Amino acid sequence: MKRRINLLIAFSAVALIVLTTVQCYLVKTAYDYKVAQFHTQIKNEIAQITNNYSDIDSALVCKKEILYKTLSENYFQGKKTKLDLKNGVLKNEYQSSITEQLRRKFERDLPNFKIDFAIVLNKFILYKNTQKADTIFSEKPFIQNKLYGNLASLNHAFLVRSYVGTTNGTFENQEYKLLTEDSMYVSVIDWEMIILRRMTFILILSLLSITTLISLFVIAIKALIKQKKVSDVKTDFINNITHELKTPLATLGISTKILEQKNIRENDENFNAIVNTISRQNNRLQNLIDQVMANSLAENEIELKKEKIEAEDFLLSIVNDFKLTFPKIDIKTDFKTSNTILVLDKFHVTTAFLNVLENAVKYGSNTITITTKIIEKQFSISFEDNGIGIAKNKQALLFEKFYRVEQGNLHNTKGLGLGLYYVDQIIKAHQGSVNVISDLGKGAQFTILLKV
Ligand code: ADP
């Protein structure tokens with residue numbers, strides 16, 4: 001059963017991990033899709049607001065074209081090298097004003113996004129009618145070739161579009177064409193936040209489903225473990241009670257068989273001895289049934305008949321009765337209190353104290369010390385024995401109904417696992433508490449705290 005539960009837990013944990021991984025994968029896919037969708041949206045919106053930048057300020061763009069022509073013509077005349085021409089184009093005086101105008105345009109037309117951008121020049125080629133194309137430069141998009149914009153790097157930016165521009169001119173009666181290609185890169189500030197906001201619904205939904213799944217898993221496993229414990233406890237109880245019932249029933253069976261013999265019935269002494277045995281076994285059976293009945297009540301269902309008693313006298317009377325039943329046990333008292341008045345149900349508390357004392361004897365003790373003291377305005381009674389003790393890891397369940405420390409080679413003592421449960425219920429019904437300090441092989445100390 002335990003193996004099956006462990007297997008079930010392992011399988012469920014694996015299933016949970018797989019489901020969580022699938023869920024994460026789906027969220028990641030949704031995120032990638034949203035990013036692509038966002039890029040397309042930005043591209044479309046920017047495409048609508050600017051095309052060849054001439055709509056920004058045609059006069060400025062015109063001046064820029066004149067500069068390009070002048071630079072090209074200087075190059076034709078051999079006054080400038082290719083590098084001079086490239087530098088002249090890239091460091092032109094209109095850069096900051098065109099950048100500023102583009103920035104304002106983005107702000108006005110795309111008010112929902114804060115955009116950083118860069119327009120980088122990739123190609124500059126000259127065509128003369130008579131000669132073949134003269135490539136001044138042709139490079140991959142590179143931030144050092146930035147014409148306009150405020151981006152410092154293209155790393156986290158995405159390409160919105162590339163634009164090829166042509167300008168025609170004449171030099172020494174020959175027509176020439178100037179071809180430029182530039183690319184626009186943009187980066188939307190806080191784009192991750194924008195996408196996360198757009199994914200809020202998906203994220204909440206998947207988080208909710210994962211937490212629900214984990215909670216259901218934990219609840220199911222807890223229920224399973226609890227059920228297993230209850231079933232173990234029930235099996236233990238049935239085994240114990242059968243064991244307890246067997247002896248008196250067997251004795252009763254034998255006694256009735258003996259009584260059937262005429263010679264026994266005619267001998268008064270023998271007859272009385274057998275009747276006594278029957279009566280003793282009957283009482284034992286009655287006690288067992290009473291014990292089970294008494295323990296079927298919960299702490300708040302126990303009816304208490306409380307009365308004022310003097311605690312030390314009360315304890316001494318219990319000790320004296322106990323000594324009569326167990327004359328070989330050395331039972332000492334160490335009362336650090338005197339004339340303490342407690343209000344309690346004498347019958348139930350006596351039974352509870354006797355349970356603790358009888359347990360001490362049952363579990364190997366021959367010396368018991370009862371100590372009383374006042375701890376934080378509470379009356380403390382501790383029963384210390386020198387028996388077999390209880391391992392630390394067994395102590396948490398000690399006061400549970402039907403719980404018995406696994407027998408194994410520990411002890412072979414009979415019991416129903418109800419004694420300490422009863423003690424706990426009765427003491428709780430008096431708003432008190434009971435706890436144990438013990439270790440295997442080192443005896444046990446049960447301490448009961450009661451309201452003064
Ligand atoms: P039972 O004695 O019928 O088994 P109890 O509820 O009285 O049931 O005790 C529960 C378990 O606690 C016992 O099975 C025993 O192993 C352990 N126990 C109780 N008292 C002592 C003690 N004084 N010393 C060692 N073990 C004890």
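What counts as what
- Residues numbered from 1 in each chain as written.
- Predicted model: local features only at pLDDT ≥ 70, side-chain atom pairs only at ≥ 80, totals over all residues.
- Heavy atoms only, no water.
- Helix = DSSP H or I, 4+ residues; strand = E, 2+ residues; numbered from the N terminus.
- Rg over C-alpha atoms; globule rule 2.2 N^0.38 Å.
- Buried < 20%, exposed > 50% of the residue type's maximum accessible area, 1.4 Å probe, protein only.
- Contact = heavy atoms within 4.5 Å.
- Areas by Shrake-Rupley, 256 points an atom, 1.4 Å probe, with all protein chains shown as cover.
- Salt bridge = Lys/Arg side-chain N within 4 Å of Asp/Glu carboxyl O.
- Pairing = 2+ DSSP bridges.
- Axes fitted to C-alpha atoms, helices over the stretch in contact; angles between N-to-C directions.
- Expected span 1.5 Å × (residues − 1).
- Bend = angle between axes of the 7 residues up to and from the residue.
- Near = heavy atom within 4 Å.
- Polar contact = N/O pair within 3.5 Å; in protein donor to acceptor, adjacent residues only side chain to side chain.
- Nonpolar A, V, L, I, M, F, W, Y, C, P; charged D, E, K, R; others polar.
- Domains from an automatic or database assignment.
- Left-handed = near helix turned anticlockwise from the far one by under 90°.
- Phe/Tyr/Trp six-rings, centres within 6.5 Å; stacked < 30°, edge-to-face > 60°.
- Lys NZ or Arg CZ within 6 Å of the ring centre and 35° of its normal.
- Core = buried A, V, L, I, M, F, W, Y, C linked by side-chain atoms within 4.5 Å.
- 1 Å grid on protein atoms, 1.4 Å probe; cavity = no way out; pocket = protein on both sides within 12 Å on 5 of 7 lines; lining within 4 Å.
- Points joined across faces, edges and corners; volume = space filled by probe spheres on them.

S.K.: Would you mind going over the overall build of the chain with me for this structure?
M.R.: In terms of regular secondary structure, the chain is built from eleven helices and twelve strands. Since a compact globule built from 452 residues should have a radius of gyration of about 22 Å, the 48 Å found for the chain marks it as more spread out than a globular shape. The proportion of buried residues among the 452 residues of the chain is 39%. Put simply, 72% of the contacts in the chain that link residues at least 6 apart link residues at least 24 apart. A total of about 26900 Å² of accessible surface is found on the chain, and carbon and sulfur atoms cover 55% of it.

S.K.: Please explain the pattern of salt bridges as it appears in this structure.
M.R.: Side chains carrying opposite charge are able to pair once their charged atoms draw close together. One pass over the structure, following the stated rule, counts twelve salt bridges. For the salt bridge of Arg108 with Asp109, the shortest nitrogen-to-oxygen distance reads 3.9 Å. Among the residues examined, Arg108 registers a relative accessible area of 57% and is labelled exposed. Where Asp424 meets Lys428, a salt bridge forms, and the shortest distance between an N and an O atom there is 3.0 Å. Of this pair, Asp424 and Lys428 both sit in helix 11 (residues 419-429), four residues apart, which is roughly one turn of the helix.

S.K.: Before we go on, may I ask you to explain the sheet that holds strand 9 (residues 367-375) in this structure?
M.R.: Backbone-to-backbone hydrogen bonds join strands into a sheet, with any given pair of strands oriented parallel or antiparallel. Taken together, the five strands give an open sheet; going across it, the order is 7-9-10-12-11, and neighbouring strands pair in mixed fashion. The open sheet has two edge strands, strand 7 (330-335) and strand 11 (433-438), and neither has a second partner. Across the sheet, the mean angle from the axis of one strand to that of its neighbour is 15°, orientation sign disregarded. Judged from the seven bridges that link them, strand 10 (residues 378-385) and strand 12 (residues 444-451) form a sheet pairing that is antiparallel. Within strand 12, the residue paired with Ser380 across the bridge is Leu449. Across the face of the sheet, helix 9 (residues 311-325) comes into contact with strand 7, strand 9 and strand 10 while running at roughly 175° to strand 7.

S.K.: Please clarify how helix 6 (residues 200-259) should be interpreted in this entry.
M.R.: Every α-helical turn comprises 3.6 residues, leaving residues that sit three or four positions apart pointing alike. Over its 60 residues, helix 6 extends 86 Å from the first C-alpha to the last, a length consistent with the 88 Å expected when each residue adds 1.5 Å. Along helix 6, the sharpest kink reaches roughly 25°, centred on Lys246 and followed within four residues by the proline Pro248.

S.K.: Whenever I open this one, the site of the ligand confuses me. Can you help?
M.R.: Of all residues adjacent to the ligand, which total 20 residues, the nearest are Asn359, Tyr363, Asp385, Arg404 and Leu420. In the environment of the ligand, an oxygen atom lies 3.3 Å from a nitrogen or oxygen atom belonging to the backbone of Val405. At 3.3 Å from an oxygen atom of the ligand is found a main-chain nitrogen or oxygen belonging to Gly419. The set of elements that each furnish at least two residues to the shell around the ligand consists of helix 10 (346-362) and helix 11. Of the residues assigned to the shell around the ligand, the class counts are eleven nonpolar, six polar and three charged.

S.K.: Before we go on, may I ask you to explain the domain arrangement of the chain in this structure?
M.R.: When the parts come together, some accessible area is lost, and that loss is often what is quoted as the size of the interface. Its domain assignment divides the chain into domain 1 (53-190) and domain 2 (301-451). For domain 1 versus domain 2, the separation of C-alpha centres amounts to 95 Å.

S.K.: How should I be thinking about the packing of helix 10 against helix 11 in this particular structure?
M.R.: Geometry of a packed helix pair, given as the angle between the helix axes and the separation of the axes. Their axes nearest at 9 Å, the elements helix 10 and helix 11 cross at an angle of 145°. In this structure, the crossing between helix 10 and helix 11 has a hand that is left-handed. Between helix 10, through His348, Val349, Thr351, Ala352, Asn355, Val356 and Asn359, and helix 11, the contact on the second element is made entirely by Gly419, Leu420, Tyr422, Val423 and Ile426.

S.K.: Looking at this structure, I do not really get the packing of aromatic side chains. What am I missing?
M.R.: Any aromatic ring pair is given by two values, namely how distant the centres are and how the planes are angled relative to each other. Under the counting rule described, the total for this entry stands at ten aromatic pairs. When the centroid spacing of 5.4 Å and the interplanar angle of 35° are considered together, the rings of Phe76 and Phe171 count as tilted. Residue Phe76 is located in helix 2 (residues 58-76), and its partner Phe171 is located in strand 4 (residues 158-171); the two are separated by 95 residues in the primary sequence. A single burial state applies to Phe76 and to Phe171, both of which are buried. A cation over an aromatic ring shows up here: Lys86 above the ring of Phe137, its NZ or CZ 4.9 Å from the ring centre. The aromatic ring of Phe76 is capped on one face by Lys128, whose charged end is 4.4 Å from the ring centroid.

S.K.: Which parts of the structure should I look at to understand the nonpolar core?
M.R.: As a rule of thumb, soluble globular proteins bury nonpolar side chains together. Judged by nonpolar contacts, the single largest core of 43 residues is most densely connected at Ile46, Ile115, Phe124, Leu126 and Val186. Every residue in contact with Leu126, bar those within four places of it in the chain, is listed here: Ser72, Tyr75, Phe76, Leu85, Lys132, Ala133, Asp134, Ile136, Tyr176, Lys177 and Leu178. Leu315, Leu342, Ala360 and Ile368 belong to the second-largest nonpolar core, a separate cluster that totals 40 residues.

S.K.: Mind showing me how you'd approach unusual backbone geometry here?
M.R.: Among all residues save glycine, negative phi is the norm, and among peptide bonds the norm is trans. Positive phi values are uncommon outside glycine, yet Glu376 reaches one of about 45°. Topologically, Glu376 is positioned in the loop between strand 9 and strand 10. Positive phi outside glycine occurs at Phe402, with the angle close to 70°. Mapped onto the elements of the fold, Phe402 is located in the loop between strand 10 and helix 11. For Phe402, a relative accessible area of 17% gives the class buried.

S.K.: Mind showing me how you'd approach the layout of surface pockets here?
M.R.: It is a probe the size of a water molecule, rolled over the atoms, that shows where empty space is left. As a volume, the largest pocket reaches approximately 1300 Å³. Those elements giving two or more residues to the lining of the largest pocket turn out to be helix 8 (268-294), helix 10, helix 11 and strand 12. Per-element accounting of the lining of the largest pocket gives the leading share, nine residues, to helix 10. The residue makeup of the lining of the largest pocket, split by class, is 24 nonpolar, 14 polar and nine charged.

S.K.: Help me understand the side chain of Ser380, please; the structure alone is not making it clear to me.
M.R.: Mapped onto the elements, Ser380 comes out in strand 10. Since its relative accessible area comes to 2%, Ser380 is described here as buried. Contacts of Ser380, omitting those with residues within four sequence positions, involve Thr371, Thr372, Lys373, Ile375, Thr447, Ile448 and Leu449.

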